[in-house]
Amino acid sequence: QVQLVESGGGLVQAGGSLRLSCAASGRTFSRYHMGWFRQAPGQEREFVATISGSGQTTNYADSVKGRFTIDRDNRKNTVYLQMNSLKPEDTAVYYCAADSQWGSHWLQGFGIDSWGQGTQVTVSS
């Protein structure tokens, strides 16, 4: 497992942008596929995006496609989530995740190796 620490959340107006960061511990960061999930109050956790260990493959939820971009810097053991054109419905706690396996389980967030503590993103209308 890896230890994950998110940062970069905050309050932003609708239409604005935020960039989340997730720093991972350990020397084998590139072996982990990374992703972002979010959970709004009273709602279930929702898949946002995932990126392969090499950074060559990404997947996005339809709700964020074209607005959010996931990328990673394996030299810095960090994964990012650039969020543009934010909407009030993007308000949630955003969680970073890491898993050694690439597969459909990412869409449900089942069996994920490691989770961060979360960072709050609030989008005002």
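Check the entry above for the structure.
Residues numbered from 1 in each chain as written. Predicted model: local features only at pLDDT ≥ 70, side-chain atom pairs only at ≥ 80, totals over all residues. Heavy atoms only, no water.

Here's the deal with the overall build of the chain
A tally of helices and strands in the chain yields one helix and eleven strands. When its helices and strands are written in sequence order, the chain yields β-β-β-β-β-β-β-β-β-α-β-β. For a compact globule of 125 residues, the expected C-alpha radius of gyration is about 14 Å, and the chain comes in at 13 Å, within 12% of that figure. Across its three principal axes, the chain shows a C-alpha extent of roughly 40 × 25 × 25 Å. Buried residues in the chain amount to 45% of all 125 residues. Entry remark: accessible area of the chain is about 6400 Å², with carbon and sulfur atoms responsible for 44%. (Helix = DSSP H or I, 4+ residues; strand = E, 2+ residues; numbered from the N terminus. Rg over C-alpha atoms; globule rule 2.2 N^0.38 Å. Buried < 20%, exposed > 50% of the residue type's maximum accessible area, 1.4 Å probe, protein only. Areas by Shrake-Rupley, 256 points an atom, 1.4 Å probe, with all protein chains shown as cover.)

Examining the sheet that holds strand S3 (residues 18-24)
Taken together, the four strands give an open sheet; going across it, the order is S1-S3-S8-S7, and neighbouring strands pair in antiparallel fashion. In this open sheet, the two strands that pair with only one neighbour each are strand S1 (4-7) and strand S7 (68-73). Each neighbouring strand pair of the sheet contributes to a mean axis angle of 15°, computed without reference to strand direction. Bridge count between S7 and strand S8 (residues 78-83): six bridges; the pairing is antiparallel. Bridge pairing in S8 places Arg72 opposite Val79. (Pairing = 2+ DSSP bridges. Axes fitted to C-alpha atoms, helices over the stretch in contact; angles between N-to-C directions.)

Overview of the pairing of strand S9 (residues 92-99)
Burial analysis of S9 places six of its eight residues in the buried class, the great majority of the element. Pairing analysis gives seven bridges linking strand S4 (residues 33-39) to S9, with the strands arranged antiparallel. Along S9, the bridge assignment pairs Met34 with Ala98. Bridge analysis of S9 against strand S11 (residues 119-124) gives three bridges, and the strand direction is antiparallel. Its bridge partner being in S11, Ala92 is matched across the sheet by Val121. The sheet contact formed by S9 and strand S10 (residues 114-115) spans two bridges and is antiparallel. What sits directly across from Ala97, in S10, is Trp115.

Purely geometric stuff here, so don't read any function into it on its own.
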